[in-house]
Every structure is written in structure tokens, then in C-alpha cells.
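Structural description and commentary
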Amino acid sequence: MSVRRLILIPLLFQIATAAAAATGWTVDRLMHTLAQNAGGTVHFTERKYLAILDTPVESTGTLVYRRPDHLERHALTPRPESMVLDGNALTLTRPSGSLHMDLRDYPDAAALIESIRSTLAGDRAALERNYLLTLSGSQHAWTLDLSPSDTRIAALVVRIRIEGHGGQIDTVSVLQADGDRSEMRITPIPAAGS
């Protein structure tokens, strides 16, 4: 991490936090609002922009979250695959087979996954173990930037940006240290009959 970046990140953090606080919308209020969400199932569309490819790779499917620590990602396209995280037990399933892992054995991967799960749970303390939090916007349209505070995570990810409104997450964008990036758009599944 460059010296310039080390200076700029805390400065931007202070400016954005002060601006959000001026509107009354604080990290604590966002976390409290997110913590009220019982969970459920949503659609996702994810685009990955990789340096080695000319066009983004798009995948679609569903996400399932159940409080406090159960998260599932089921991709339907371009090929079926799933990830089920229950506590620290992670299971990846592809047509070729399944892989079971304990996240405690992979702390870097755990920190990345925890950024999403802890945001969904409104768990500020868990997020701040590995990230500096910067909130901007208002309750009606907010942006939460997670900047790694751990050098091991910073070697993998520059920033995770989560945007939403109220207790709803709309997008999750990840900028990797190697320049690759991804953007996941999340949309509610319409209730039956609507």
C-alpha cells in the first residue's frame, strides 16, 4: 500500500463519515436498520470484469440469507453451482462434485465472505475487525465502503462498496488489488400474485 493511499483513506473516511452524520444517517443507524432484516431469498445478477477477458462474465441466480449466519448463493447461469455457508462450514457444489471447507482454515477468504454476511446481519463489530467503514448518502440511498484495515486482505481487495436503501442491499461491488472487479445487483423476488 502506497504512502499516498495510507494518507488518503483516513481523510476520505473522515469526510464521508462527517457528511453522512450531518444528515443523521450514521453507521450505527444503518447497522440497526439492517439488523431488523429477518432474511429471505433474492435474485442476483453478477458481472465480473477480468483483465484476461474482453467481455464481462455474467452469472445469475438466487441468494438466501437467514439470521444470524446462514448464507447461500445458487448460480443458475452460466452454469449451475452453489455455495452454502452455515456458521464456519462452507460447501461449494458444482456439477463435478462438492468441496467442504472450514472458514477458520482460510482467514483471508473468511474476511471477504464475512463482509457480506456481517453487513446483512448489521454486525458493525464484525465488520470493523477487518475494515474501515465509510458511510455516505441518506437512509433512502446509502453507500457503505469497506476498506481493508488488514494488510492480508488489502493484498486481495482494494474496496468493497455496498449500496442500498433502508434495510435493503441493492448492489455489492468488489475492486480487487489486481484490478479485476465485480458488481452484483440484488433484486427482491416479487411476492406470488403481485
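Please read these numbers as outputs of a predicted model, since none were measured by experiment. (Residues numbered from 1 in each chain as written. Predicted model: local features only at pLDDT ≥ 70, side-chain atom pairs only at ≥ 80, totals over all residues. Heavy atoms only, no water.)

The next subject is the overall build of the chain. On a plain count of helices and strands, the chain comes out with five helices and eleven strands. Here the chain holds 194 residues, and the buried ones make up 35% of them. Of the roughly 10,900 Å² of accessible surface on the chain, a fraction of 57% belongs to carbon and sulfur atoms. (Helix = DSSP H or I, 4+ residues; strand = E, 2+ residues; numbered from the N terminus. Buried < 20%, exposed > 50% of the residue type's maximum accessible area, 1.4 Å probe, protein only. Areas by Shrake-Rupley, 256 points an atom, 1.4 Å probe, with all protein chains shown as cover.)

Going through the model one piece at a time under the given rule, you end up with 13 salt bridges. A salt bridge links Glu58 to Arg47; its shortest N-O distance comes to 2.8 Å. With a gap of eleven residues between them, Glu58 in strand S2 (residues 57–66) and Arg47 in strand S1 (residues 39–49) connect regions that are remote in the sequence. Close ionic contact of Arg79 with Glu81 constitutes a salt bridge, the shortest N to O distance being 3.8 Å. (Salt bridge = Lys/Arg side-chain N within 4 Å of Asp/Glu carboxyl O.)

Our focus in this paragraph is the pairing of strand S5 (residues 89–94). Where strand S4 (residues 81–86) meets S5, five bridges bridge the pair, whose relative direction is antiparallel. In the sheet register, Ser82 faces S5, and the bridge partner there is Thr93. For S5 and strand S6 (residues 97–102), the ladder comprises six bridges, and the chain directions are antiparallel. Among the inter-strand pairings, Arg94 is bridged to a residue of S6, identified as Gly97. Linking S5 to S6, which pair antiparallel, is a turn of two residues. (Pairing = 2+ DSSP bridges.)

Moving on: the sheet that holds strand S10 (residues 168–176). With antiparallel pairing, eleven strands are arranged side by side in an open sheet as S6-S5-S4-S3-S2-S1-S11-S10-S9-S8-S7. What marks the edges here is a single partner per strand, and that holds for S6 and strand S7 (131–138). Neighbour-to-neighbour, the strand axes of the sheet open up by a mean angle of 15°, direction not taken into account. Helix H2 (residues 27–35) contacts S7, strand S8 (141–148) and S10 of the sheet and is inclined by roughly 105° relative to S8. Sitting on the sheet, helix H3 (residues 107–121) is in contact with S2, strand S3 (70–77), S4, S5, S7, S8, strand S9 (157–165) and S10, with an inclination near 20° to S9. (Axes fitted to C-alpha atoms, helices over the stretch in contact; angles between N-to-C directions. Contact = heavy atoms within 4.5 Å.)

The next thing to look at is the packing of aromatic side chains. Scanning all chains against the criterion turns up zero aromatic pairs. Taking the ring centre of Tyr49 as reference, the NZ or CZ of Arg181 above it sits at 3.9 Å. (Phe/Tyr/Trp six-rings, centres within 6.5 Å; stacked < 30°, edge-to-face > 60°. Lys NZ or Arg CZ within 6 Å of the ring centre and 35° of its normal.)

Turning next to the pairing of S10. Direction of pairing for S9 relative to S10: antiparallel, over a ladder of eight bridges. Looking at the pairing, Val157 lines up with Gln176 of S10. Linkage of S9 to S10, two consecutive antiparallel strands, is achieved through a turn of two residues, within which Gly166 is found at a positive phi near 55°. As defined by bridge partners, S10 adjoins strand S11 (residues 181–188) across five bridges and the pair is classed as antiparallel. Of the residues in S11, the one forming a bridge with Leu175 is Arg181. In this antiparallel pair of consecutive strands, S10 and S11, the connection spans four residues, and Gly179 shows a positive phi of 95°.

Counting residues in each nonpolar core, the largest one holds 36 residues, and the members touching the most others are Leu30, Trp142, Leu144, Leu146 and Ile169. Per-element accounting of this core gives the leading share, five residues, to H3. Here Ile169 is in contact with Leu34, Thr119, Leu120, Trp142, Ile162, Glu163, Gly164 and Ile186, once residues within four sequence places are set aside. (Core = buried A, V, L, I, M, F, W, Y, C linked by side-chain atoms within 4.5 Å.)

A surface patch of nonpolar side chains, amounting to about 280 Å² of accessible area, comprises Ile52, Leu53 and Val57. Inspection of the secondary structure puts Ile52 in the loop between S1 and S2. In this structure Ile52 comes out as exposed when scored by relative accessible area, which is 75%. (Patch = residues over 30% accessible without salt bridge, like charges linked within 9 Å, V, L, I, M, F, W, Y side chains within 5 Å.)

For the rest of this paragraph, the subject is unusual backbone geometry. The omega torsion across Arg67 and Pro68 is -5°, close enough to zero to call that bond cis. Among the structural elements, Pro68 can be located in the loop between S2 and S3.

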